[in-house]
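Descriptive analysis of the structure
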Amino acid sequence: MRRTTFRRLATTTATLTLTASAFTAHAAPPTPDADADEPIGGADLAEKYPDELLEAMQDDLDVTEDRAVERLDFQAEASVTLDELDDALGDDFAGLWLDTDDDVVYAAVTDQAQVSTVRQAGAKAVTARYALEDLEAWQASLTASLSGVDGVPGTYVDLAENTLVVQVHRGSRGEARQAARAAGVPQRAVTFEVTTEEPRTYQDVVGGNAYYTGGGSRCSVGFAVTTGFVTAGHCGATGATTSQPSGTFAGSVFPGSDMAWVRTAAGNTPVGAVNDYSGGVVEVGGSTQAPVGSQVCRSGSTTGWHCGTIQAYNATVTYPQGSVSGLIRTTVCAEPGDSGGSLLAGDQAQGVTSGGSGSCSTGGTTFFQPVNPILNRYDLTLVTSGGGGGGGEDPACTGSSSTGDGSLNQGGQAVHPDGSYWNQSSAATITACVEGPSTADYDVYLQRWNGSGWSSVAQGTTTSHLDSLTYSASSGYYRVVVHAYAGSGAYTTGITVS
């Protein structure tokens, strides 16, 4: 997980070039207690995540606020491990999942010789019979073979059990077995799970921020992109019009997938945030995929905020309209009206609500169309809380009134401007950003002197090498801190006071 304390910086190679007189640097803090720093992520650790998100996790997952923060930090680091092992293990990779009760990362391999690679990455190794790419290939073949077979709500890969799970209604198991044989799925690689689930799409009542289609039905905004927003494909066909906000479906796929994007008309401003239905918003920091076992939360106007766990990726679901593949299977509850709404892991966008079964009174299973395939298919840029696309160019670094640069080793931190701080004599908006090496994770913090030490009042802490923050500041003493959370190398900073 992200460290909660860091060593105080003794020396720094950072330099700052002032291009405007936005602030005046001082050589020492304004009180005799010059070394009283609050470690980044220390006493105010919970400020990293929105209150509404933490409250929903406490209600649905029965955890304390501190534990919720720990889990989100743990999941963020596990996402980095997932990418590393997926690349390192290649054909031997059989999946990664989490035990969030004990904060354990499990990774499965088909080759015993790769166990050491898993352990070096900080995960617990599990040997498996089948590679993940084989299970997913069989799943795709089985989906085609199941076409026309009634009573099969869906399929998904169970990573922990290293098996392809086929959900069937009573009386349909025989046909499903025949379909599996016809698809060439090894008998030991498939499990048939009897269920009464009948997934349906959530379209008939508003969910998330409401929008209306030309036919009068309502769905939910998923996440803002620079030209509009993404949502569920079953909400409207390409060319359909929307209102509140006004726009047009510029692309839509359903069934097969359940993805769409709406190009909004002039006058609509995309915002990198999700309505929390408690009078505020949850900011979106990026779209890094969370591992199986991660705890996630969903926003929808019918049922508000609810949380659960990711059970599987690449699940296939059979709706009355047809089969949809590539979905995220979760234990988050939802009800009609939540379609297209937003799924988040911390501040990372995960997907848009597709459909499911059950309710938020009795519990249920809900499926989500992953957001990154939508962004990739239509070449869209996610709008984040920093104002730019996750992992793309960050506008906050463009035209900064003050710029700086330096170099850090992993775990190190540096203070800007020039190792010091400035006196903000009146209320203003402070914007700060950092850009580190493309393979690194650099964070940026804004700190204010509280009379006895430095306290973080705003931060940009996504898993990207780009991070930014914006803060409405009152008068006081401020400084910017850059932290190399993962990776090492040169970086640049930008600070604007307006």
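Heads up: the structure comes first, above all this text.
Residues numbered from 1 in each chain as written. Predicted model: local features only at pLDDT ≥ 70, side-chain atom pairs only at ≥ 80, totals over all residues. Heavy atoms only, no water.

Side note on the pattern of salt bridges
Inspection of the entire model under this criterion finds 4 salt bridges. Measuring nitrogen to oxygen at the nearest pair gives 3.1 Å for the salt bridge that ties Arg67 to Glu70. Separated by 3 residues within a single helix, Arg67 and Glu70 lie in helix α2 (residues 65-89), roughly one turn from each other. Judged by relative accessible area, which is 17%, Arg67 ranks as buried. The class of Glu70 is partly exposed, set by a relative accessible area of 31%. (Salt bridge = Lys/Arg side-chain N within 4 Å of Asp/Glu carboxyl O. Helix = DSSP H or I, 4+ residues; strand = E, 2+ residues; numbered from the N terminus. Buried < 20%, exposed > 50% of the residue type's maximum accessible area, 1.4 Å probe, protein only.)

Side note on the nonpolar core
Side chains of nonpolar character tend, in soluble globular proteins, to be buried together. Leu96, Leu142, Val166 and Val185 are the most contacted members of the largest nonpolar core, which totals 50 residues. When residues no more than four places from it in sequence are discounted, the contact partners of Val185 are Trp138, Leu142, Leu164, Ala180 and Val190. Within the second largest apolar cluster, 31 residues are counted, among which are Leu53, Trp261, Val274 and Ile374. (Core = buried A, V, L, I, M, F, W, Y, C linked by side-chain atoms within 4.5 Å. Contact = heavy atoms within 4.5 Å.)

Concerning the sheet that holds strand β5 (residues 124-127)
With respect to topology, 3 strands assemble into an open sheet ordered β3-β4-β5, the strand pairing being mixed. Edge positions in the sheet fall to β3 (93-99) and β5, since each of these pairs with one other strand and no more. Across the sheet, the axes of successive neighbouring strands diverge by a mean angle of 25°, strand direction being ignored. In terms of strand pairing, strand β4 (residues 104-109) meets β5 through 4 bridges, oriented parallel. Paired with Tyr106 across the strands is Lys124, a residue of β5. The strands touched by α2 are β3 and β4; relative to β3, the strand with the most contacts, the crossing angle is about 170°. (Pairing = 2+ DSSP bridges. Axes fitted to C-alpha atoms, helices over the stretch in contact; angles between N-to-C directions.)

Some thoughts on a negative patch on the surface
Where like charges cluster on the molecular surface, the negative patch consists of Asp51, Glu55, Asp59, Asp60, Glu65 and Asp66. Only α1 (51-61) and α2 provide two or more residues apiece to the negative patch. The biggest single contributor to the negative patch is α1, with 4 residues. Within the secondary structure layout, Asp66 lies in helix α2. (Patch = residues over 30% accessible without salt bridge, like charges linked within 9 Å, V, L, I, M, F, W, Y side chains within 5 Å. Areas by Shrake-Rupley, 256 points an atom, 1.4 Å probe, with all protein chains shown as cover. Lys, Arg positive; Asp, Glu negative; His and termini not counted. Charge placed at Lys NZ, Arg CZ, Asp CG, Glu CD.)

As for the packing of aromatic side chains
On inspection of all chains with the given rule, the structure shows 11 aromatic pairs. Pairing Tyr442 with Tyr491 gives two aromatic rings, centres 6.1 Å apart and planes at 55°, and the pair type is tilted. Residue Tyr442 is located in strand β29 (residues 441-449), and its partner Tyr491 is located in strand β33 (residues 489-497); the two are separated by 49 residues in the primary sequence. Judged by its relative accessible area of 2%, Tyr491 is buried. Ring pairs connect the aromatic residues Tyr421, Trp449, Trp454 and Tyr477, which therefore count as one cluster. (Phe/Tyr/Trp six-rings, centres within 6.5 Å; stacked < 30°, edge-to-face > 60°.)

Side note on α2
Given a rise of 1.5 Å per residue, 25 residues ought to cover 36 Å, and the 36 Å separating the end C-alpha atoms of α2 matches this to within 8%. Phi turns positive one or two residues past the end of α2, at Gly90, with a value near 55°. (Expected span 1.5 Å × (residues − 1).)

Here's the deal with the environment of Glu175
Position of Glu175 among the secondary structure elements: in helix α5 (residues 173-182). For Glu175, a relative accessible area of 43% puts it in the partly exposed group. Between the C-alpha atom of Glu175 and that of Val149, which follows or precedes it by 26 residues, the distance is 7.1 Å.

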